[in-house]
Every structure is written in C-alpha cells, then in structure tokens.
Amino acid sequence: VKPMTPRCTVPKAVPVGKSASLHCHENEGFPKSTYSWYRNSEPLSPDTKSNAKPHNSSYTLNPATGTLVFHAVHKGDTGRYSCIATNDAGFAKCEEQEMEV
C-alpha cells in the first residue's frame, strides 16, 4: 500500500544553540515507510559523520521513525523543510515548512 501524505511537524522558530525536533509520520503505508528529510529541496543525509557539509550541522535523522533532531541549531539550519515517506509501493511528500533560527 502506497504511503499517504505524511504529517510533518516543524518548529516555526528556534533560538540559536537550542535543540529542535522535526517529526514526520504516516501510518497507511505497507510495508512500513522509511522517511527522508529535505532542506530547501536538498536531501539531508541520515549519517552526518560521513557527509562533508558546507557547515558542520549536528543532527540525528532516524529513517525508521521520521524524526530529525538538531542538537544545537545555528543560522545555517534556517530553511524550508519537507519529508518524504517511501515504501515498495511508492512515496508521499508533506508540504514544505519554514524553520527560522
């Protein structure tokens, strides 16, 4: 069963240095969906260690739960975030939401 449009929760504004949690979830898809996050249409890697980013953002992305956690946000984390739920039958994307730091 193709995933339905996931419900995305993105904080509107986060003070610099604070943590931020972004959530993405849908429960219609079978088999269970995996989740990927995008900032300004650029994919966020699930593994920040191996990703040579222009800025050293520290976040944890769990593809199984759809949770994206920034441990200490900085100005470079500002942007439009969206999430895609994917399984063998297809994928669905939530609306982009702005997060300001």
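Residues numbered from 1 in each chain as written. Predicted model: local features only at pLDDT ≥ 70, side-chain atom pairs only at ≥ 80, totals over all residues. Heavy atoms only, no water.

## A closer look at the environment of asparagine 27
Note that asparagine 27 resides in the loop between strand 2 (20–25) and strand 3 (34–39). C-alpha of asparagine 27 to C-alpha of alanine 85: the two residues are 58 residues apart in sequence and 9.9 Å apart in space. (Helix = DSSP H or I, 4+ residues; strand = E, 2+ residues; numbered from the N terminus.)

## Quick notes on the environment of cysteine 8
If you trace the backbone, cysteine 8 turns up in strand 1 (residues 7–9). Through-space distance from the C-alpha of cysteine 8 to that of serine 82 is 7.4 Å; in sequence the pair is 74 residues apart. When sequence neighbours within four positions are dropped, the list of residues in contact with cysteine 8 reads His23, Cys24, Trp37, Cys83, Cys94 and Gln97. (Contact = heavy atoms within 4.5 Å.)

## A closer look at the pattern of salt bridges
In total, this model carries 2 salt bridges according to the counting rule given. The shortest N-O distance in the salt bridge between aspartate 77 and arginine 39 comes to 3.7 Å. Separated by 38 residues along the polypeptide, aspartate 77 in the loop between strand 6 (67–70) and strand 7 (79–87) and arginine 39 in strand 3 bring together distant segments of the chain. The same class applies to aspartate 77 and to arginine 39, which are both buried. (Salt bridge = Lys/Arg side-chain N within 4 Å of Asp/Glu carboxyl O. Buried < 20%, exposed > 50% of the residue type's maximum accessible area, 1.4 Å probe, protein only.)

## Overview of the packing of aromatic side chains
Taken as a whole and judged by the stated rule, the model has 2 aromatic pairs. When the ring of phenylalanine 70 is compared with that of tyrosine 81, the centres are 5.9 Å apart and the planes differ by 80°; the resulting orientation is edge-to-face. With phenylalanine 70 in strand 6 and tyrosine 81 in strand 7, this residue pair connects regions lying 11 residues apart in the sequence. What links up through ring pairs into an aromatic cluster is the set Tyr59, Phe70 and Tyr81. (Phe/Tyr/Trp six-rings, centres within 6.5 Å; stacked < 30°, edge-to-face > 60°.)

## Quick notes on the pairing of strand 7
The buried fraction of strand 7 is high, at 7 of 9 residues. Judged from the 6 bridges that link them, strand 3 and strand 7 form a sheet pairing that is antiparallel. Within strand 7, the residue paired with serine 36 across the bridge is isoleucine 84. The pairing of strand 7 with strand 9 (residues 97–99) spans 3 bridges and is antiparallel. Paired with arginine 80 across the bridge in strand 9 is glutamate 98. (Pairing = 2+ DSSP bridges.)

Read these as layout, nothing more, since geometry by itself doesn't imply function.
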